[in-house]
Amino acid sequence: MTDAEFVAHIRQTYAGLFDPRTSQEAWRHFLTTNAGWNALIEEYLQRVEEFVIQHGLLSMVYVRQIEEKWGGLRCYLTPANGYRLSAEKAAALGVIYHEIASRSYHTCDVCGGVGRLMSNNGRYLTRCDDHIADLKLAMDSRRIASGC
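A. A look at the environment of Glu-67. Its location among the elements puts Glu-67 in strand β2 (residues 61–69). By relative accessible area, Glu-67 is classed as buried at 15%. As for Glu-67 and Thr-33, which are separated by 34 residues in sequence, their C-alpha atoms are 5.4 Å apart. Other than its neighbours up to four places away in sequence, Glu-67 contacts Thr-32, Thr-33, Gly-72, Leu-73, Arg-74 and Tyr-76. Within the local environment of Glu-67, its side chain forms a polar contact with the side chain of Tyr-76, the two groups lying 2.7 Å apart.

B. Layout of the packing of helix α3 (residues 38–54) against helix α4 (residues 87–104). Packing of α3 against α4 brings their axes to within 10 Å, and their N-to-C directions diverge by 165 degrees. Compared by their axis directions, α3 and α4 come out roughly antiparallel. As α3 runs across α4, the sense of the crossing is right-handed. For the pair α3 and α4, the contacting residues are Leu-40, Glu-43, Tyr-44, Arg-47, Val-48 and Phe-51 in the first and Lys-89, Ala-92, Leu-93, Ile-96, Tyr-97, Glu-99, Ile-100, Arg-103 and Ser-104 in the second. Here the contact of α3 with α4 is composed, by residue class, of 9 nonpolar, 1 polar and 5 charged.

C. Main features of α3. Spanning 17 residues, α3 covers 24 Å between terminal C-alpha atoms, matching the ideal 24 Å at 1.5 Å per step. Residues Asn-38, Leu-40, Ile-41, Glu-42, Tyr-44, Leu-45, Val-48, Phe-51 and Val-52 constitute the buried set of α3. Residues of α3 that are buried make contact with α1 (3–13), β1 (31–32), β2, β3 (72–79) and α4. Taken from the residues just after α3, Gly-56 is the one with a positive phi, measuring 65 degrees.

D. Molecular detail of the nonpolar core. Membership of the largest hydrophobic core comes to 28 residues, with the highest contact counts inside it found for Phe-30, Ile-41, Tyr-44, Leu-45, Ile-66 and Leu-73. Elements with a minimum of two residues in this core: α1, α3, β2, β3 and α4. For this core, the element with the most residues is α3, which contributes 7 residues. Sequence-distant contacts of Leu-73, defined by excluding residues within four places in its chain, comprise Thr-33, Trp-37, Leu-40, Ile-41, Ile-66, Glu-67, Tyr-97, Ile-100, Ala-101 and Ser-104.

Calculation notes
- Residues numbered from 1 in each chain as written.
- Predicted model: local features only at pLDDT ≥ 70, side-chain atom pairs only at ≥ 80, totals over all residues.
- Heavy atoms only, no water.
- Helix = DSSP H or I, 4+ residues; strand = E, 2+ residues; numbered from the N terminus.
- Buried < 20%, exposed > 50% of the residue type's maximum accessible area, 1.4 Å probe, protein only.
- Contact = heavy atoms within 4.5 Å.
- Polar contact = N/O pair within 3.5 Å; in protein donor to acceptor, adjacent residues only side chain to side chain.
- Axes fitted to C-alpha atoms, helices over the stretch in contact; angles between N-to-C directions.
- Parallel < 35°, antiparallel > 145°, perpendicular 65-115°, else oblique.
- Left-handed = near helix turned anticlockwise from the far one by under 90°.
- Nonpolar A, V, L, I, M, F, W, Y, C, P; charged D, E, K, R; others polar.
- Expected span 1.5 Å × (residues − 1).
- Core = buried A, V, L, I, M, F, W, Y, C linked by side-chain atoms within 4.5 Å.

Dropping the structure here:
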């Protein structure tokens, strides 16, 4: 699946998790990770969707952005206009996020295999043994879901 196809897939499959007012420009910057984390992203979205449906929060909390930062997966939520999550619900969503994010530090961002966090001249990456040498991928293949 190409990057554009993956973004189209999650937009369609988890449509209720995304603000319908999101511009095409914003969608181009929504997902900035390599494809090795697609399974983690999909699991995150599935679990968040289950939670928001179960707690009546659909259309009240949106996924704003998913990115790589400091070698790990970052997933950002934002409330709908004026809505405030209770501390309990925010904490529960935080548990989902932290479980997925902690696994990203052990998952190669290129292939999805077992990886480890490493630093190269201040640039943090999570890679498997096969992709450690592919440091060029950090800059060249970091996807920006353009045209989605």
